[in-house]
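What follows is each chain in one-letter form.
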Amino acid sequence: MGEFYIGSSYYPEWWPEEQWEKDFAKMAELGFNVVRMGEFAWSWYEPREGEYNFEPMIRAVNLAGKYGIKTIMGTTTAVCPPWLYKKYPEVKGGNERGDYDFGGRKGNCLSSEIFLEYARKITEEQARALGGNPNIIGWQLDNEPGFPFVCYDDRCEKGFREWLRAKYGTIDALNRAWFTMMWSNVYNDFDEIMLPVNAAEGGWFPGLRLDYRRYFSFIFNRLLRMETEILRKYIGDRFIFTNYPGVNWSVSCQDAMEFLDYAGWDNYVPTPYNDYYRYQFHSCMEHDLARRLSKGKGKFVVAEQTAVASANQLPGVVRAQTWIDVAQGAFATVFFEWRSPLGGPEQGYGTIVELNGEFAETWPELARLARELKEHYHKIDGAQTVSEIATVYSYENSWATPGWVVDGAYDQDFFNIHGGLKNAFRQNLDAIFPTDDFSKYRVVAAPNLKFLSEDTFNRLEKFVADGGILIINAECGTRDEFNNLLPMIRPGLFAKMAGAEVVSTISVADMAKQQAGSGDEIAVLFANGEKARPAGMMCKLRLTTAEPIAVYTCGKLKDMPAVTINRYGKGHVVMFCSTADSQEYFEAIGHILRDRFDIRPLLNVPDGVIVSSRVKDGKEYILAVNAKESAVTFTPDIPLYDELNGREITGEVTIEGYDVLFARKL
Amino acid sequence: MGEFYIGSSYYPEWWPEEQWEKDFAKMAELGFNVVRMGEFAWSWYEPREGEYNFEPMIRAVNLAGKYGIKTIMGTTTAVCPPWLYKKYPEVKGGNERGDYDFGGRKGNCLSSEIFLEYARKITEEQARALGGNPNIIGWQLDNEPGFPFVCYDDRCEKGFREWLRAKYGTIDALNRAWFTMMWSNVYNDFDEIMLPVNAAEGGWFPGLRLDYRRYFSFIFNRLLRMETEILRKYIGDRFIFTNYPGVNWSVSCQDAMEFLDYAGWDNYVPTPYNDYYRYQFHSCMEHDLARRLSKGKGKFVVAEQTAVASANQLPGVVRAQTWIDVAQGAFATVFFEWRSPLGGPEQGYGTIVELNGEFAETWPELARLARELKEHYHKIDGAQTVSEIATVYSYENSWATPGWVVDGAYDQDFFNIHGGLKNAFRQNLDAIFPTDDFSKYRVVAAPNLKFLSEDTFNRLEKFVADGGILIINAECGTRDEFNNLLPMIRPGLFAKMAGAEVVSTISVADMAKQQAGSGDEIAVLFANGEKARPAGMMCKLRLTTAEPIAVYTCGKLKDMPAVTINRYGKGHVVMFCSTADSQEYFEAIGHILRDRFDIRPLLNVPDGVIVSSRVKDGKEYILAVNAKESAVTFTPDIPLYDELNGREITGEVTIEGYDVLFARKL
Amino acid sequence: MGEFYIGSSYYPEWWPEEQWEKDFAKMAELGFNVVRMGEFAWSWYEPREGEYNFEPMIRAVNLAGKYGIKTIMGTTTAVCPPWLYKKYPEVKGGNERGDYDFGGRKGNCLSSEIFLEYARKITEEQARALGGNPNIIGWQLDNEPGFPFVCYDDRCEKGFREWLRAKYGTIDALNRAWFTMMWSNVYNDFDEIMLPVNAAEGGWFPGLRLDYRRYFSFIFNRLLRMETEILRKYIGDRFIFTNYPGVNWSVSCQDAMEFLDYAGWDNYVPTPYNDYYRYQFHSCMEHDLARRLSKGKGKFVVAEQTAVASANQLPGVVRAQTWIDVAQGAFATVFFEWRSPLGGPEQGYGTIVELNGEFAETWPELARLARELKEHYHKIDGAQTVSEIATVYSYENSWATPGWVVDGAYDQDFFNIHGGLKNAFRQNLDAIFPTDDFSKYRVVAAPNLKFLSEDTFNRLEKFVADGGILIINAECGTRDEFNNLLPMIRPGLFAKMAGAEVVSTISVADMAKQQAGSGDEIAVLFANGEKARPAGMMCKLRLTTAEPIAVYTCGKLKDMPAVTINRYGKGHVVMFCSTADSQEYFEAIGHILRDRFDIRPLLNVPDGVIVSSRVKDGKEYILAVNAKESAVTFTPDIPLYDELNGREITGEVTIEGYDVLFARKL
C-alpha cells in the first residue's frame, strides 16, 4: 500500500452492463481509486441452486481495473436468495414476533447447519472465481455484523444450549452463575433453557441475557471465521476486514480480530453544521477503537461514509470528515454510495452522482480530497498514533447493560468520555481493551467497567500506584463476569483506590421531579466553574480519603461531592457519579486534570478544531481539522511546516471553516 | 328523486319490536324521510346456517315506510356470524399479529373462496327478500371498505401470487418492476413471494408493498362487484353505493365506480367550534371527490355524520355542516346515529335521541334543517357544480407513500391544498383523477403525483402550454408506475415546465434542530407577506427560468426560493418545496395567484364563510355557510335573491354564526 | 398476638447456610421479630419431580426462631420449576404475544388441571412439613395475585366457556347480556366464544371483557382457596393472608376474604420528600380497604415496604410511613428486603443491609421503630377504627373500566377522593363495599359506581333520605351488571337524588385544544375560592333542584355548574362532573362540606399531618404523622397524653418533620 483508497460502493448487478463503463470512467474523473462491490449479490452469482456464474462480476472488476480502480470485494452472506429460503425456510431465523418471512435482508439463522453449508459453498465459489483477481485488493465479510442482535428460532435455541453446556460443563455451574435459585428458575438440564422471548413477568435473568448475547457474538464470528478460512486459500496476501455498523455496536470485534486483518466501520456520524462540531468526536472514538482493533498496524477502513451535504451545510463538510478519518488512521474511505438504486428499500441515501447521471453538489471537494490525499497521504501511511491517554472499552460490559441498544448507557458514556477528554486535552487518544497494557499511559478512563478480571484490576491498581490517573465511575468493579453483584458497595473493588463510597442514590428524573419549582438547577458544578448535567443516578458519597472536584447543585445533594479525586500511591483516581449526559461533562473533568497535571496539547488550536498526530520515520505530522464553519486564527506554540501548502508557518495561522491543517512538526 | 334525504342509521335488531314504531314516529316528527338499516344484521337474517329469516327486517322497513321514511338497506358482509367462523376459521384473515380471533367486526378474508361463497349466498337471499320492497330506495354495500388494509393469511398469500402472475406474466418482469436485484431478492417463481409481514431488516420492497395494496383493493372491489351483480337482479332501478370511511382513505373508489351508482362517505370531520372553521374544508375535499366519483350525476351520499354538538359549541354547527354537504352536492345526509346501543363496543357516539328516549339538544336545528331542505332542496337537485379550479387525486400515488395511513403525507397535502385553494379563491373546486380532462380548468393542482402515465403527463403539458396554471411540488414526475425512481432529478419530468430543479435538501426537523437558538423562524415567507411552515423536506433549488414567489426564512436557505412560478407556453407552473404542514400555506399560494391572475370569487364573502354554487336549469344558486360562531356582514358584489327568506338582497347582508345564505344569482 | 410484627423478607435459598445465622442475628440486633420466607422456593423444596426436601427451610425457620424471629411462610405457586414446564408446557399460559416461554416468574395457567394438581401437591407437602412449626405464625399464599391479568391459552379458553355456561345457563342469556345482536356477534353455542386477543376491528365487547376479568379473578381465587383448604389441615390457628400488589389492583380480594383471615398488601407508595406528602394518602386508602377486608378484625398486614430513603430525603421517612401503616390498623410491616440478590432480575431494590453486609443508612430509624412499637403497639392491637365517613369501592366497576390498569380512571378517582376527603376532614375514613351498611356514616362517597344492585341503590337512597351526605359523579347508576347502559341519561338512577342531569359533554383535552389562546384556565372554581382541574369529560348540566358548589372557568361552560349539591329528604347529594385529576379537587369538596355541615377533625393538625385514631378498651388513641420534612406547631383543641414521651400535653405541640405524635385522648 502507501496509497490512500478513496472511492465508493457500487452495485453492478443493478445496472445494465453498458452503464458500468460510464460509471467507472466518472469515478476515475473524480480521482477515485477504489470501489466496493459484491456484498449483496448472491442471487447474481447463483440465480438457481448450483448454477454459479461469476463472469459478470469478473467483467465489472476488470473494467474498474481498466480505469485504475481497485475493488474491495464483499462476501454475500448478509442476504439469502429466495430459492434457498423456499427450499429450507430454516435458513432464516426469527425475532420476538416469530419466524422471519422472506424479504429485506439479513436475519439468516447462523445456527442453521443448512445455512452455514450454503454460505460455505457460495463463499468458496466466489473466492475461487475472484480470489486471485489482480484488480481486487481486499475482501469485506458479510455486511454490518450485529443487528438485529437476536435470532429466536429452534436452531438457535438448540445451539445456545450446546454452547452453554460447553461453557459451563454442569448445569449446577450454570445455576450458580445465573443465580437461578431466585424464583425457582433452577434448571436440571441444559435442555430446559429457553431463549429469552416471552416471559410472563419479572423479565429475564441478566446472566441468561448476557450469555445469549455472547452466543450471538460467537455464532456471528464463527461465520466470519469460516469465510476467512475459505478466502485465505484463494486470495494470497489481500486483506480481509468487515464493515461494522460501529466498532462498538456489533458482535465482538475483538474476537474477530483473531482472524481479520483490519477493522472497518460505517461512518454515519452526522457531518458538522454551523459551528456545531462535537458529533465528530464520535467518529474519533470509533476510529481510535478501530485502530486498536487492527492490532498495531495503526490503520483501518472506513467502509461507508456520506459524500453529500444537506441544504443547510456549507461546502467542505465531507472533506473535513474524511480528513478526520485520515487523522486517526484510516487508509481507505469508501463513500456510500455512487448512485441511488431506482427501486428497493434504500432509496434516498445521499449519492455522488445524481439520478440524472451528473455529479452531485459535493464533487469539487471530493475531487480535491482525492487529489490532496494522492499527493500527501503516503507521508503518514503506516504511521503510528502515539498517545498518553486511553479509554477502555469492554464488549461484555456493554452487552451487560439492559437494552443492548446503540447509544445505550454504556456506549453513551463511552462516547462522551472519549470525546470529552479528546476535546479537553487536544491530544491523541487511544481506545483500548481491558486486557491491554495500561503502563504506557498517563491517563486511563474506564467508565462502567462493572466487571473485570483480577488481572485487569491488578494492572489498573499498579497503573495508579505507579503514578497514573485513572478515571472511573461508581459502577466500576461491582460485578462478576456473570453480571452478578459483588458483595461490596459501590465502587466495589475500587473503593479504596477511589477513596469514596456510595451511601445512597436518586435518579436524575426523580430529583428533577422532586425539586421542580425549587429553583434548583439539576447539575454538577465543577471546581473550575463549568457546569454539566448528570444522567442515570445521582449518588450521595462518603469520602474516606478523596476530595471533591465537583459538587451537585440541587436538593439534599446541594454542595455535596459529585466528582472526586483521590491520591493513591503515586497516582490519582477520579470518580464521577454515576454517569453523565453530555460530552461537556467530561470536558470539564479534562480541563481540571489538564490544569492540575499539566497535560499539554498537541497544538494550541482554538475551540472547534480537532487535532491529532501521526508519527512515521521519526517525523511527527499534526492534522488539525476545523470542524466549525467559521474560520479560526491562532499562533502555533510549536514550529510547523504546512505540508498541503508547502511552506513553513510563521506567525498567525488561519484555518478556514471546515478546512484542514496538515503540518509537520519542525 | 328531487327530494333531499335526511335521516339516521337505525338498528332494529338491537331493540324489541315494540320500540320500532315509537322510533319511526319520532323520526317523522323531526321531519326525517330516510333510515339506514341492516348492514350488520347477518346473524339476524341467518342465525344458523341456511335458516334465513328476513321477516323482521321486512316488518321494520314497512313500518318505517308507514311513517314516510324510506330505507337505505345495507348488505351485511362487513361482519361474520360466529357459527360461520366456528365452522370455517379461514373466513377471517389475520394481521401482523397472526390470525384474527372471532370478535368485533370486519377482517373477513376476501381471498377465501369459502367466505366469498357464504357472502354470495347471504347477499342473494337478502336481495331476494328485500330487493323489490317499495320502501327501499337504495343499497349500501358492506361497510367502510378499507381498514385495516391488510389481510395476512395463507389464502391472501396464494391469491396475491396468482394476481401477480396474472399482472406480470413472467417472474422476470416482476423482478425488474420491483428492482429485486437489490439484496438478492430475485425470485425464480411467484410461489417464492411472501406477504410483507415480519422482515429481519431493511424493510419491504416498495414495489411489493404497493402491489400488495393494489391486490387488497382488487379483492375488496371484487367482493363489492359481486354484491352489485347480485343486487341488480332484484332491485330494479334503486341506487347502489357504499359508505367509504373517506373517499380518499379506502380501497380504490375510482375502480368501484365502474359498477356503483353513487359514492358515499362517512363525514366525521369535526364540526366547527368558536371561530375555528378550517376543518370544514376537509369535508369539502371529500365532497368534491365524491361528486367526481358519481360520474357526472353531480351528487353523492353522506352516509354517516354526527348530529350532536359538544358542551363547548353553540347551536347551529350540525345544520351548518349539513348545508356544507348540500352545497357541494350531497343528496342525502344520514346521521349516525339514532340512539346509542346499550352494549357492545360503540357506546358513547353522539345520538339524536338520548338514552332516555327524549330528543337530544340539537333537535331544533335538525327539525329546521329537515324543514328547509324539504322546501328548498329541489331547486338544486341534479344541479351541476361548475368549477375552473381542480385538484388531482391518485389512489396509487397515495398508496405508494409509506405508511398508507389516514392523513399520511400524500393525503395530508391533498387535504391542505384543496382546502387552501378553496378558501383563497372563494370558488367551487373539483377534485379529479389523472385520467380526467384538464382542458376546462384555469388552475390544476397535482401535488405528489410521483408517477403518472405518459398520456397524463402530455395532457398536463398541453394544459399549461395552452394557458393553464399548474401547481405541483418537487416530488411530481419522479417515479414510474412500480414506484421506482426515474433517472432524473426532481421535479423529474416536470423540470423544464417548472423551470427549477432540486439541488439538495434538509428535513424540517433537522433544520429546526440545527437552527435552534439562532432566532430563525422555520418558515416560508410569501411574496405577499404571508408566512407558513413547510413540512417533510426543504429543498435548495436551482432556478433555470422560474422566479420565486416565496423564500425560506432560516439557515443557509434564508432568502432562497421555496415556491416558484415559471412561465411555460401560454401558462404557468407553480412548484412548492417539498410539502407543507397547513392549509394556510396553500391559501398564501392561492392569494398570490388570485391577485396575479385575477381569479374572481363566487361571492365576496368574508373570512370563515364557505361559499359554493350549484347550477340548474340556467339558474345559479350561491350557498354561503358561515362556519364561525360570530356573525359576518358584507355587501354582496353581485345581485342575489335570498331563497330561504324569500327576498331580494339589497345593501349589507349579515350571516349569523353558523347560519347559511342560500341565494339565487340574479 | 398483641405484638407488632416488624421484619423483612429473606430468601435463605439464595445464600450459603452459614450466612443465615449472621443475618438472623443482625435482624435481632435491629429489634426485628418477623421474617417472611419461602414464597418462591419451589425448586428448593422439589428440585426434581417428587423429590421433596424441606429440611433446609425447616432449619432456616428454626434458626430464625432461635433469634426470636417468627416466620411468615409463603406457598410457592407464583413460580414453577423448569422441570415441570419442560414436562408439561401447558402449566404456563400465554398473553397476546402467544404462549409464555420459561423464565421470570408467574404466568402459570390457573385453568390447567395439570398445574393445579402439581400446585396442590407441593402445597400439601410444604404444609405437612412446615405447618405445625412453632416458629411459624402465619402463611402467605402465592405472590401478588393479579398481574398480568390475562391468561390467553387453550385451557383458559375452555375454562372460560365452561364458566360462562355455568353463569348464563343458556347462550341466549349470554347474547342478551353482551348485546351481541350488534355486529352479528350472536353466538349459537358457548364453544363459539373466544378469548379477547386479536380482533380485526372494533374491539371486544365490554361484556366479554368484563366477564373475562371475572373469570380470571375466579380462577385465581380458586387456586388460593385450594391452598387455604390444604393449609387449614396442618397449621392450626395460624393466620392465612396474601400480599396483594394493591388491595384494589388485583383479583377480587373481597371474594378471597371468604376464606382468608387477613388482607395484606405491598406498600410501594413513594415515601415523602421535601414537603410533598400527598402520596401517603394513597397508602391510607389501601390500608383502609385492607382493614375492611379483614372483616371486623380491624387489622391487616403490610407484606412489603421499602426500608430505604433516596439521597434526596431526610431521615425519618421510613419510620413515618410505618407509623401511617400502624395508624390505619397494620399489625405487621415486613420490609422488602433484607439484602439484594446478587443476580437475577430484581437487583437494585433498596435493602436494609448493604451488599457488604453492613446496615444501610436507615438502620437507626428502623431500630427506633422496632423499639417504640414493641413498647407501645400493644395499646392499640385489636383496636377499632371508628369513622363517620366512607368511600365505596367496587372491584367489578373497576374492571369494567377499559384498560384495567393500575391508576386507571376508576382507581385514580378512588385514590383521589379517598385521599382528598381524609385530608380535608382530618378524620378516619373507612373504605367499604357496595354490600356494606351505609347507615352508620354521615358521608359516603361512591364515585364511578356505574352499576350497582337494586339493594345497594335502595340503601343509598335511604341513607340520603335519612340525612346522609352522598358524593357521586355523573357516571353513577348508569349501567347494569353486564356493563350495559341503562336507558337513562346521566346520572341515571341517581338523577332525582342529584337534582341534576347531563345535557352534553366535552373532553378536557378537546376543551383545552379549543380554548388554547383564549386565556381561559381549564379548571373548576369552587365556592370557597379553591380551584382544581377536571379530568375525562366536562359536562353541561341541567339543574332541576340542585345548586352549584363549583363552576367551570372555560369556554361555553364558563360559570356553569361543575359540582352540585342537592337536598334530598333529610340529606344531600353532591355530584361532581365527571372526574377529577387530583386529590386537591376532592379536598375542595371536603372543605365545603366540612364548613357547611360542621364536620369536625379528630385533631386540629396543620397541613401535612395525617391524623387517624384507634379505639380500644374505651380509650381513644390519636396518631398524627407529620408527612412533611418541616416541623409543625399547633395547640391541640382536645386534651391529650403523649404516649411516646410519657407526658400530658399542655399548650403548643411541635411535631418535627417526619415525626409522629402517638397520644391518648384524655
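Below or above, wherever it landed, is the structure these notes cover. The model shown is predicted, which means the values in this text are computed figures rather than measured ones.

### Details of the interface of chain C and chain A
For step 1, the next point in the chain: Each side of the interface is counted separately: chain C has 52 residues, and chain A has 46 residues.
For step 2, the next point in the chain: Buried surface at the junction of chain C and chain A, both sides included, amounts to about 4400 Å², of which 54% is carbon and sulfur.
For step 3, the next point in the chain: Inspection of the chain C/chain A interface yields three salt bridges.
For step 4, the next point in the chain: In this structure, the salt-bridge partner of C:Glu629 is A:Lys556, at a minimum N-O distance of 2.9 Å.
For step 5, the next point in the chain: Where chain C touches chain A, the interface holds 24 residue pairs in polar contact (both at pLDDT 80 or more).
For step 6, the next point in the chain: Among the elements of the structure, helix 2 (42-45), helix 4 (82-87) and strand 5 (98-99) of chain C are those that each provide at least two residues to the side of chain C that touches chain A.
For step 7, the next point in the chain: Counting residues per element, the side of chain C that touches chain A draws most heavily on helix 4 of chain C, at four residues.

### Some remarks on the interface of chain A and chain B
Buried accessible area, meaning the area lost when the parts come together, often serves as the stated size of an interface.
For step 1, the next point in the chain: The partner chain B presents 46 residues to the 52 residues of chain A that form the contact.
For step 2, the next point in the chain: Between A:Glu361 and B:Lys540 there is a salt bridge, and its shortest N-O distance comes to 2.7 Å.
For step 3, the next point in the chain: One can count 24 residue pairs in polar contact (both at pLDDT 80 or more) joining chain A with chain B.
For step 4, the next point in the chain: Tallying contributions element by element places helix 4 (residues 82-87) of chain A first for the side of chain A that touches chain B, with four residues.

### What to know about the relation of the copies chain A and chain B
Applying a rotation about an axis and a shift along it to one chain copy brings it onto the other copy.
For step 1, the next point in the chain: In the superposition of chain A on chain B (RMSD 0.0 Å, axial shift 0.0 Å), the rotation amounts to 120 degrees. Taken together, the rotation angle and the small translation identify this as a three-fold axis. Minimal C-alpha separation from the rotation axis in chain A is found for A:Arg97, amounting to 4.4 Å.

### Remarks on the sheet that holds strand 17 (residues 531-532) of chain C
Residue and element names in this part refer to chain C.
For step 1, the next point in the chain: Strands sit in the order 12-11-13-14-22-21-20-16-17 across an open sheet of nine strands; the sheet is mixed. Sheet topology places strand 12 (430-432) and strand 17 at the edges, where each strand pairs with a single neighbour.
For step 2, the next point in the chain: The pairing of strand 16 (residues 524-526) with strand 17 spans two bridges and is antiparallel. Directly across from Leu 525, in strand 17, lies its bridge partner Lys 531.

### Considering the pattern of salt bridges
Any two side chains of opposite charge can pair, given that their charged atoms come close.
For step 1, the next point in the chain: Taken as a whole and judged by the stated rule, the model has 141 salt bridges over all chains.
For step 2, the next point in the chain: Across the salt bridge formed by C:Glu49 and C:Lys87, the nearest N and O atoms sit 2.7 Å from each other. You can see C:Glu49 sitting in the loop between helix 2 and helix 3 (55-66) and its partner C:Lys87 sitting in helix 4, a full 38 residues away along the chain.
For step 3, the next point in the chain: Owing to a relative accessible area of 45%, C:Lys87 belongs among the partly exposed residues under this scheme.
For step 4, the next point in the chain: Beyond isolated ion pairs, a larger network of salt bridges with shared partners links A:Glu117, A:Arg120, A:Glu124, A:Glu125, A:Arg128 and A:Lys233.

### Brief notes about helix 5 (residues 113-130) of chain C
Residue and element names in this part refer to chain C.
For step 1, the next point in the chain: Counted at 1.5 Å a residue, the expected span for helix 5 with its 18 residues is 26 Å, and the 25 Å between its end C-alpha atoms agrees.
For step 2, the next point in the chain: Those residues of helix 5 not exposed but buried are Phe 115, Leu 116, Tyr 118, Ala 119, Ile 122, Thr 123, Glu 124, Gln 126, Ala 127 and Leu 130.
For step 3, the next point in the chain: Residues of helix 5 that are buried make contact with helix 2, helix 3, strand 3 (70-74), helix 4, strand 6 (136-140) and helix 8 (206-232).

### Focus on the packing of aromatic side chains
Residue and element names in this part refer to chain C.
For step 1, the next point in the chain: Scanning the entire structure with this criterion turns up 162 aromatic pairs over all chains.
For step 2, the next point in the chain: With a centroid separation of 5.8 Å and an interplanar angle of 50 degrees, the aromatic rings of Tyr 85 and Phe 102 are classed as tilted. With Tyr 85 in helix 4 and Phe 102 in the loop between strand 5 and helix 5, this residue pair connects regions lying 17 residues apart in the sequence. The burial state of Tyr 85 is the same as that of Phe 102; both residues are buried.
For step 3, the next point in the chain: Summarising the aromatic geometry, the rings of Trp 183 and Phe 205 are spaced 6.4 Å apart at their centres and angled 85 degrees between planes, so their arrangement reads as edge-to-face. With a gap of 22 residues between them, Trp 183 in the loop between helix 7 (171-178) and helix 8 and Phe 205 in the loop between helix 7 and helix 8 connect regions that are remote in the sequence.
For step 4, the next point in the chain: With a relative accessible area of 2%, Trp 183 lands in the buried category.

### Some details on the sheet that holds strand 26 (residues 619-626) of chain B
Residues and elements named next belong to chain B.
For step 1, the next point in the chain: Taken in spatial order, the five strands line up as 25-26-31-28-29 in an open sheet, and their pairing is antiparallel. Looking along the sheet, the strands with just one partner apiece sit at the ends: strand 25 (609-616) and strand 29 (647-648).
For step 2, the next point in the chain: The strands touched by helix 11 (residues 317-328) are strand 25, strand 26 and strand 31 (660-665); relative to strand 25, the strand with the most contacts, the crossing angle is about 40 degrees.

### Some details on the pairing of strand 3 of chain C
All names here are of chain C.
For step 1, the next point in the chain: Extensive coverage of strand 3 is indicated by the burial of four of its five residues.
For step 2, the next point in the chain: Summarising the sheet, strand 2 (residues 34-37) and strand 3 pair through four bridges and their orientation is parallel. Paired with Arg 36 across the bridge in strand 3 is Ile 72.

### A look at the packing of helix 6 (residues 154-168) of chain C against helix 7 of chain C
Residues and elements named next belong to chain C.
For step 1, the next point in the chain: At a closest axis distance of 8 Å, the pairing of helix 6 and helix 7 adopts a crossing angle of 95 degrees. In this view, helix 6 runs roughly perpendicular relative to helix 7, as classed from their interaxial angle. From helix 6, Phe 160, Leu 164 and Tyr 168 reach across to helix 7, where they touch Ala 173, Leu 174, Ala 177 and Trp 178.
For step 2, the next point in the chain: Grouping the amino acids of the contact of helix 6 with helix 7 by side-chain chemistry returns seven nonpolar, no polar and no charged.

### As for the pairing of strand 26 (residues 619-626) of chain A
Residue and element names in this part refer to chain A.
For step 1, the next point in the chain: Counting buried residues in strand 26 gives six out of eight residues, a clear majority hidden from the surface.
For step 2, the next point in the chain: Strand direction decides the pairing type here: strand 25 (residues 609-616) and strand 26, joined by eight bridges, are antiparallel. Residue pairing for strand 26: Val 611 is matched across the bridge by Ala 624.
For step 3, the next point in the chain: As consecutive antiparallel partners, strand 25 and strand 26 are separated by two residues, and within that stretch Asp 617 has a phi angle of approximately 50 degrees, a positive value.
For step 4, the next point in the chain: Note: strand 26 against strand 31 (residues 660-665), five bridges, orientation antiparallel.

Conventions used here
- Residues numbered from 1 in each chain as written.
- Chains lettered and ligands numbered in written order.
- Predicted model: local features only at pLDDT ≥ 70, side-chain atom pairs only at ≥ 80, totals over all residues.
- Heavy atoms only, no water.
- Contact = heavy atoms within 4.5 Å.
- Buried area = accessible area lost by both parts, 1.4 Å probe.
- Salt bridge = Lys/Arg side-chain N within 4 Å of Asp/Glu carboxyl O.
- Polar contact = N/O pair within 3.5 Å; in protein donor to acceptor, adjacent residues only side chain to side chain.
- Helix = DSSP H or I, 4+ residues; strand = E, 2+ residues; numbered from the N terminus.
- Least-squares fit on C-alpha atoms with pLDDT ≥ 70 in both.
- Pairing = 2+ DSSP bridges.
- Buried < 20%, exposed > 50% of the residue type's maximum accessible area, 1.4 Å probe, protein only.
- Expected span 1.5 Å × (residues − 1).
- Phe/Tyr/Trp six-rings, centres within 6.5 Å; stacked < 30°, edge-to-face > 60°.
- Axes fitted to C-alpha atoms, helices over the stretch in contact; angles between N-to-C directions.
- Parallel < 35°, antiparallel > 145°, perpendicular 65-115°, else oblique.
- Nonpolar A, V, L, I, M, F, W, Y, C, P; charged D, E, K, R; others polar.

Read these as spatial facts, not as claims about activity.
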